[in-house]
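Listed here are the chains, written in short residue letters.
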Amino acid sequence: MAWLNRSLIETRKLGEQEIRQVLKRAGELKKLWRGWRGTEFPHLSLRGRTVVNLFFEASTRTRSSFELAARRLGAHVLNLHPEASSVTKGETLFDTARNLEAMDPDLLVLRHASAGAPYQLSKILKIPIINAGDGFHEHPTQALLDLFTIEEAKGSAKGLNVLIVGDIAHSRVARSNIYTLRTMGARVSVCGPPSLMPPLARELGVAEVFHDLRKGIADADVVMMLRVQLERQNQMQFPSLGEYSRFWGLNADTVQSLKKGAIIMHPGPLNEGVEISQEVASGPYSVILNQVNNGVIIRMALMDLIFDGGSKAGGDRRRG
Amino acid sequence: MAWLNRSLIETRKLGEQEIRQVLKRAGELKKLWRGWRGTEFPHLSLRGRTVVNLFFEASTRTRSSFELAARRLGAHVLNLHPEASSVTKGETLFDTARNLEAMDPDLLVLRHASAGAPYQLSKILKIPIINAGDGFHEHPTQALLDLFTIEEAKGSAKGLNVLIVGDIAHSRVARSNIYTLRTMGARVSVCGPPSLMPPLARELGVAEVFHDLRKGIADADVVMMLRVQLERQNQMQFPSLGEYSRFWGLNADTVQSLKKGAIIMHPGPLNEGVEISQEVASGPYSVILNQVNNGVIIRMALMDLIFDGGSKAGGDRRRG
Amino acid sequence: MAWLNRSLIETRKLGEQEIRQVLKRAGELKKLWRGWRGTEFPHLSLRGRTVVNLFFEASTRTRSSFELAARRLGAHVLNLHPEASSVTKGETLFDTARNLEAMDPDLLVLRHASAGAPYQLSKILKIPIINAGDGFHEHPTQALLDLFTIEEAKGSAKGLNVLIVGDIAHSRVARSNIYTLRTMGARVSVCGPPSLMPPLARELGVAEVFHDLRKGIADADVVMMLRVQLERQNQMQFPSLGEYSRFWGLNADTVQSLKKGAIIMHPGPLNEGVEISQEVASGPYSVILNQVNNGVIIRMALMDLIFDGGSKAGGDRRRG
């Protein structure tokens, strides 16, 4: 239950107490960050540490969020973006990771196109790993920052109706959110074209599967729009972007079916005019920029917990 | 007239007092930098700050200059180079910028291929923006470092004859320099093939338009050579590079028409053998490397003025 | 013989005393690094310094190793990867380097595809340069870290039989290692297909040239496997990867010809299954990850020696 030196690979196995610990620390760090007026941040708990951002998939936003989080806490950050061509063989990921570890970093943040890559590495490396997204599998820090944002807006996730809209079947964001939200007592439903719904929705713990957006959002306290993966559009899982937008996009019209006090979320980057209109994204229901702001905070909290107890433990681990 | 928390989008609107303030601070910081022998620079006025270099156009030199300037003053620097493919739509620039701002940086340095991009962003963001070059519009820090270099060499820009040579019509460097130089009392003329002269030279405040380089430089105290944009050559605005070089290039031969004490400038990177010969670029008239050295100093001065008054104001703004 | 402010271009000219100085400092720094438990590394001898990594060839590992080394000692690191397209002309390398120097960095780490590039730059720049690999010429820090690793494992290089296996003719790693190992009193032999042996092996100081791996390794205390340059395979210097692996690859079978206590090295990255099997690379003879770990340490030692005497000398040089 303690986070010390632990990896975060998936939210599926996180218990309520563990999640609560991250949210609590995030709240404390957010308060500290916002109140800080000096020149040096008063909680440099990662000073002297080296965090490696190993991103096999490009992601300016997520990478920046981890980089800023680590630096705010005083760490050095080494950014690595191996080219896809050099990592086609599985051995190469392991070889890359073992070599990196031999350079004595303290934490590895990994994004990889293959589901399970962070888990595989966690079996051969001694340093902790944070999964920053692996294939269709999980994106745990996204789910934690979403949860933190929901609790900021609604007090608690417990008993809330959360609707996730879009390509649930191929979304690591959806999967990680379903796990954390259910663990925290929310009721999670999904909505989208039948071809994009998860084959085993009930086993995932999904309460209801909607194909009609208006029906789906009628009872929702939280509506989480997923990004349409434009690059997968040629797989023809829905007729056209126009049609997708008309049926499952959130716009000035559909947003009128929302309950009062409901919030709209999106993991970014937005396809404005497709799954969400610009108007709605920057409208009064939207907490999208709060998600971005909280993303850095949640990652600070997680790193802070992993290195809790100060430098000694880490020093031992690094050269253990 | 105070710089505190202000953006720098264009030099066209800068008054003499504002420009003088930057030059003065640059002079102080240059003296401090050159005299410094300790391990920690004694003016870490950006400590705890995060500067984002958002460069939509690649530019190793300008980006490095901003990065070094920010770090010398103690800031963290986040370098972002979004791929052109992902930013073809205007919304994406705004979305990118709003997301970045939500991560609580303190300053945005922006280079963009579209004239007006920094101005557009300055209307929606609360943090200050420094324009690091926008399309054919402006490159204000280049003009300020050029001015600083001119004053170092010639005492004052007032009353000097400055000749800018090359593709004036498409040069943001020329435009920004014309504005600052005229504001400071210099007389600015331009020279080059007719097809590359600005259509409204007189309205820009240009004193004379030369098509003959020897005539143009005869009276010049400062000759500023522009880079030939080789990638635009197929637009056939001049017959060939050889011909360009023969008529408008500065070489051992043409340089003999220069007045004694005149200086030669170039914003870099050089096309040696095209607009300037290697011999002239590293010869006694050239202050080209002084420009590079002063580039870091001017950017330090500007950031220093923007955050003047210390951390408190910035802290308030950042999380205001 | 003192390292202060000196460049490291090649190992060919290093004397035993100079090499010994680097190894000694590396040993001290490794002890300090492993024993360190505080938050701030106790030997920040490069604080306030700027190290530029100028890599014209991509190399995540070597670049990361230099970056981590410089940062551990407190330096800022500026990473630059000019695109090949912009550096086809020799002038551009000089122009790039002169411009960089004008920005007042303290050290340049250079990797370039052309043999001699670091040497050429060392003639025009005032700041020290570390060659991080130049064409087929040299890779001096690799040889120093290899030597350090050998001495850790075997006490001393003096009198050892070292066998280098692979494309000796085109390997800067082999060349640099042959020079340092012979200077330190080792006996160096080489092994591989005749087409990949150096034309003047005897003049290089090579003791024996083997074409049969089993014979070559029978007496070796150290076996250094070189990476097969897969991208040069179409030059047909050996029939096929399969054949190369069968005759000159180290695997569970061939490794049985090794002497007891022998060590296996590889500069990385590995082509597992080609020049070395996964099993052997992570087996008991292998010191490959020690090489990676020591790579950072050796680069720390070298930078530390270059800036020895503290900030004053550097300050003078930087702005001299």
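Up top is the structure these notes are about.
First, a word on scope: everything that follows refers to the structure included in this document. (Residues numbered from 1 in each chain as written. Chains lettered and ligands numbered in written order. Predicted model: local features only at pLDDT ≥ 70, side-chain atom pairs only at ≥ 80, totals over all residues. Heavy atoms only, no water.)

### A closer look at the overall build of chain A
Stated precisely, the cut-off is as follows: In DSSP terms, a helix is any run of H or I states spanning at least four residues, a strand is any run of E spanning at least two, and both are numbered starting from the N terminus. Only the C-alpha atoms count toward the radius of gyration. The rule for a globule is 2.2 Å times the residue count to the power 0.38. The contact rule is simple, with two residues in contact once any of their heavy atoms fall within 4.5 Å. Asp and Glu count as negative and Lys and Arg as positive, but His and the ends of the chain are not part of the count. Note on charges: their place is set at NZ of Lys, CZ of Arg, CG of Asp or CD of Glu.
For chain A, the count of helices and strands is 12 helices and 9 strands. For 320 residues, the compact-globule estimate of 2.2 N^0.38 gives 20 Å, and the C-alpha radius of gyration of chain A, at 20 Å, lies within 12% of that figure. Taken along the three principal axes of its C-alpha coordinates, chain A extends 55 × 45 × 35 Å. Intrachain contacts of chain A at a sequence separation of at least 6 include 73% that bridge at least 24 residues. Taking the 40 positively charged and 33 negatively charged side chains of chain A as two groups, their mean positions are separated by 4 Å.

### Topic: the relation of the copies chain A and chain C
Put simply, the rule reads: In superposing the copies, a least-squares fit is computed on C-alpha atoms, taking residues whose pLDDT is at least 70 in both.
Superposing chain A onto chain C takes a rotation of 120° combined with a translation of 0.0 Å along the rotation axis, leaving an RMSD of 0.0 Å. Taken together, the rotation angle and the small translation identify this as a three-fold axis.

### Comments concerning the pattern of salt bridges
All names here are of chain B. Operational definition: Criterion for a salt bridge: a side-chain nitrogen of Lys or Arg within 4 Å of a carboxyl oxygen of Asp or Glu. Only protein chains enter the accessibility calculation, which uses a 1.4 Å probe. A residue is then buried if its area is under 20% of the maximum for its type, exposed if over 50%, and partly exposed in between.
In total, this model carries 59 salt bridges over all chains according to the counting rule given. Among the salt bridges present, the one from Glu 151 reaches Arg 20, with a minimum N-O distance of 2.9 Å. Of this pair, Glu 151 sits in helix 5 (residues 140-154) while Arg 20 sits in helix 1 (residues 16-35), and the two are 131 residues apart along the sequence. Here Glu 151 falls in the buried class, since its relative accessible area comes to 16%.

### Here's the deal with the interface of chain A and chain B
Defined as follows: Accessible-area loss on putting two parts together, using a 1.4 Å probe and summing over both, is the definition of buried area adopted here. Whenever a nitrogen or oxygen atom comes within 3.5 Å of another N or O atom, the pair is scored as a polar contact, on the condition that within protein one atom can donate a hydrogen and the other can accept it, and that pairs from neighbouring residues in sequence are kept only if both atoms are in side chains.
With 24 residues of chain A at the contact, the number on the chain B side is 22 residues. Three residues, Arg37(A), Arg61(A) and Arg71(A), lead the burial of chain A against chain B; their summed loss comes to 28% of the area buried on that side. Our count for the contact surface shared by chain A and chain B stands at 2 salt bridges. Linking Arg61(A) and Asp95(B) is a salt bridge whose minimum nitrogen-to-oxygen distance equals 3.4 Å. At the surface where chain A touches chain B, the tally comes to 7 residue pairs in polar contact (both at pLDDT 80 or more).

### Quick word on the interface of chain A and chain C
Across the boundary between the two partners, chain A contributes 22 residues, which contact 24 residues of chain C. Counting the surface lost from both chain A and chain C, the interface buries some 2300 Å², and carbon and sulfur atoms represent 51% of this. If you look at where chain A meets chain C, you find 2 salt bridges. Summed over the shared surface of chain A and chain C, the number is 7 residue pairs in polar contact (both at pLDDT 80 or more). Among the elements of the structure, strand 2 (76-80), helix 3 (90-102) and helix 12 (311-318) of chain A are those that each provide at least two residues to the side of chain A that touches chain C. The element contributing the most residues to the side of chain A that touches chain C is helix 3 of chain A, with 6 residues.

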